[in-house]
Amino acid sequence: MKCSMLTSVFLFLSILFLSHHTKAQALDLKNSNLEKTNGKGGFFWWSHQAKGKGAAIFSIEKIDVAENSSKSLRCEVQSLGEKPWFVSTAFNSVFEIQANEEITVSFAAKRGSEGTGKMGLVFQSSKKGSFQNKQFYLSEDWSVFTHTFTMDHANKKGQLKFWYLEAGTIYFLDEVSVQKETF
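Thresholds applied
- Residues numbered from 1 in each chain as written.
- Predicted model: local features only at pLDDT ≥ 70, side-chain atom pairs only at ≥ 80, totals over all residues.
- Heavy atoms only, no water.
- Phe/Tyr/Trp six-rings, centres within 6.5 Å; stacked < 30°, edge-to-face > 60°.
- Helix = DSSP H or I, 4+ residues; strand = E, 2+ residues; numbered from the N terminus.
- Salt bridge = Lys/Arg side-chain N within 4 Å of Asp/Glu carboxyl O.
- Buried < 20%, exposed > 50% of the residue type's maximum accessible area, 1.4 Å probe, protein only.

1. Side note on the packing of aromatic side chains
Evaluated as defined, the whole model comprises 10 aromatic pairs. Taking 5.1 Å as the distance between ring centres and 75° as the angle between the ring planes, the aromatic pair formed by F107 and F162 counts as edge-to-face. Here the residue F107 occupies a position in strand β7 (residues 102-111), and F162 occupies one in strand β11 (residues 155-164), the gap between them amounting to 55 residues. Here F123 and F149 contribute two aromatic rings whose centre-to-centre distance is 6.3 Å and whose plane-to-plane angle is 40°, an arrangement assigned as tilted. Pair noted here: F123 is in strand β8 (residues 118-124) and F149 is in strand β10 (residues 143-150), with a separation of 26 residues, a long-range link.

Written as structure tokens, this is what we have:
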């Protein structure tokens, strides 16, 4: 009986220790939820590009937004350009990561009535040629998407991007958040 009691106490304390030292930590991404605008028709901390014959109209949407939101990013892709990732949105604030650390990104998104809404979620570091991506297909209804990246190497300049991968499609993006596992 004493052995069983000691085993139970040890197991309880082990679980308590691990739950205290392993937890998800939200990264401080300024305005990542796209609520604050810069007064010039865009969002603070977000930049957009359409290069290499890519063309898109980026705007602030105030009517068709995710739940509990008042604004979302709207991107109408007219042409993709020479490479599929030439039309994109990037979060300008970089963050530090450690090797083998897990970064979980979640976001709300949808597409307009045209196209399949193929979108890429990309994590990129300052190491040349390093990026990881995950593709999603959006519906006409707001949905929350989540993906976890495992970092190959430590980096002080991790950045989050969204690639719009289909011409003739309107994309809506909102409620972006990033968490990392800490041990």
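2. Points about the pattern of salt bridges
What the rule picks out here adds up to 4 salt bridges. Close ionic contact of R74 with E76 constitutes a salt bridge, the shortest N to O distance being 3.6 Å. When its relative accessible area of 28% is taken as the criterion, E76 is described as partly exposed. Between R111 and E140 there is a salt bridge; the shortest N-O distance is 3.7 Å. Residue R111 is found in strand β7, and its partner E140 is found in the loop between β9 (131-137) and β10; the two are separated by 29 residues along the sequence. R111 gets classed as buried once you look at its relative accessible area, which sits at 14%.

3. Brief notes about the environment of E140
A relative accessible area of 43% means that E140 is categorised as partly exposed. Sequence separation of E140 and K110 is 30 residues, and the distance between their C-alpha atoms is 5.4 Å.

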